[in-house]
Amino acid sequence: MSKFKKKANTKQEIPTSALPDIIFMLLFFFMVTTVLREVTINVKQRIPDATQLRKLQRKSLVSYLYIGEPKKTSQWGSEPRIQANDVFIEPKDVVLWVNQEKDKLDEVERDQITIAMKVDKEAKRGLVSDVEFQLRKANARKLLYTTLQEMEE
Amino acid sequence: MARNKQRDNPEINSSSMADIAFLLLIFFLVTTTIANDRGLSLLLPPDPDTMEQMDIKIPERNIFKIQVNSADKLLVEGEPLTDVAAIKSMIKEFVLNNGRNPELSDTPKDAIVSFKTDRGTSQEMFIEVLDQVQGAYYDMYAERVGVTNKQWRDIANDLSDPENKRLYDKGRGLKDGKVEFPMNISIAEPSKIGG
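Residues numbered from 1 in each chain as written. Chains lettered and ligands numbered in written order. Predicted model: local features only at pLDDT ≥ 70, side-chain atom pairs only at ≥ 80, totals over all residues. Heavy atoms only, no water.

### A word on helix α4 (residues 94-103) of chain A
Residues and elements named next belong to chain A.
Inference 1: Along α4, the residues classified as buried are Val94, Trp97, Val98, Glu101 and Lys102. Seen from one end, α4 has its buried residues packed into an arc of 140°, which puts them on one side. Of the exposed residues in α4, those oriented more than 90 degrees away from the buried face are Leu96 and Asp103.
Inference 2: Along its buried surface, α4 packs onto β4 (62-68), β5 (81-84), β6 (87-89), β7 (114-119) and α5 (125-137). (Buried < 20%, exposed > 50% of the residue type's maximum accessible area, 1.4 Å probe, protein only. Helix = DSSP H or I, 4+ residues; strand = E, 2+ residues; numbered from the N terminus. Arc of directions from axis to C-beta. Contact = heavy atoms within 4.5 Å.)

Right, here's the structure in full:
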């Protein structure tokens, strides 16, 4: 009698042994496709859209500048600022910053440095052009305005 | 009693494995950003201090003027324009004129697109216009080598491939070290007028 009872007790659980594998797959996908965030961005970044995008080939040669309104307006005011690494800098400090970034590269590649500017939509051209002028002085002429892909009709 | 226990399948409870993996997954989701290294590429002119000051007279017909004021209003060749997308076809007509229309450029080589903004112009407007200007040139290059605009940009992105380099030079008309079909975009220093 007891034997029959045991047979009737079928398991009603959903097998979850494959779940970790699925999650691990997702995990590996994210690990491979992402890079660790290096700096905390303290300015607003509403990146404009464009259609004619170009891609950077050598990521090691790229240095980033962030321009936009500070997130903490009570502390830094609402005027757009330039952020390099983790600090706000003035346009005149850009030359110094570029030279520091160049020092990180190999000597033969220093002239190929590319500056990627992540500029907020609402930032004014005046500030951005001041930075461009300093970049010309610092002989870092390769420039990229980071934009998002606009959907083409 | 002891016999019964031995008959059970010795399994390790792996139900919490999913939780551990989830935890790791969430950690990576939070700490990482998908790298966005795409945008409008530009080559700035050399340092103004080292450049020789020269007054070069460029005929009016060879300059395509785009002006934007601080209210993001467009002025193209002296005429107000509301539709930014119209710039693309205008530039193509201007560059590929080859001396036919006396109002437009002599040759693609001489054609210059001059883009002047105000200090108060927003970056959004600047990008929008620059996108159209570069798009016009990429379209023309692509047409010269018989590829699509997207293919042309892919070619220009990777010049280490000899075939790409060949097509790139052909599109830009490289002859004896000189480019016959240069992308002459002059971005002038913004005016301080405002208003």
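### Some thoughts on the sheet that holds strand β2 (residues 38-43) of chain B
Strands pair in a sheet through their backbones, by hydrogen bonds, and they do so in one of two ways: parallel or antiparallel.
Inference 1: Strand order across the open sheet formed by seven strands is β3(A)-β2(B)-β8(A)-β7(A)-β4(A)-β5(A)-β6(A), with mixed pairing between neighbours. The sheet is open, and its two edges are formed by β3 (54-55) and β6 of chain A, each paired on a single side.
Inference 2: The sheet contact formed by β5 of chain A and β6 of chain A spans three bridges and is antiparallel. Residue pairing for β6 of chain A: Ala84 of chain A is matched across the bridge by Val87 of chain A. (Pairing = 2+ DSSP bridges.)

### Re the packing of helix α3 (residues 86-95) of chain B against helix α4 (residues 123-145) of chain B
Residue and element names in this part refer to chain B.
Inference 1: Running from N to C, α3 and α4 cross one another at 45°; their axes reach a closest spacing of 8 Å. Between α3 and α4, the angle falls in the class oblique. Crossing handedness for the pair α3 and α4: right-handed. Listed contacts from α4 to Ile87, Lys88, Ile91, Lys92 and Val95 of α3 are Val129, Gln132, Val133, Gly135, Ala136, Tyr137, Asp139 and Met140.
Inference 2: A class-by-class count of the residues in the contact of α3 with α4 yields eight nonpolar, two polar and three charged. (Axes fitted to C-alpha atoms, helices over the stretch in contact; angles between N-to-C directions. Parallel < 35°, antiparallel > 145°, perpendicular 65-115°, else oblique. Left-handed = near helix turned anticlockwise from the far one by under 90°. Nonpolar A, V, L, I, M, F, W, Y, C, P; charged D, E, K, R; others polar.)

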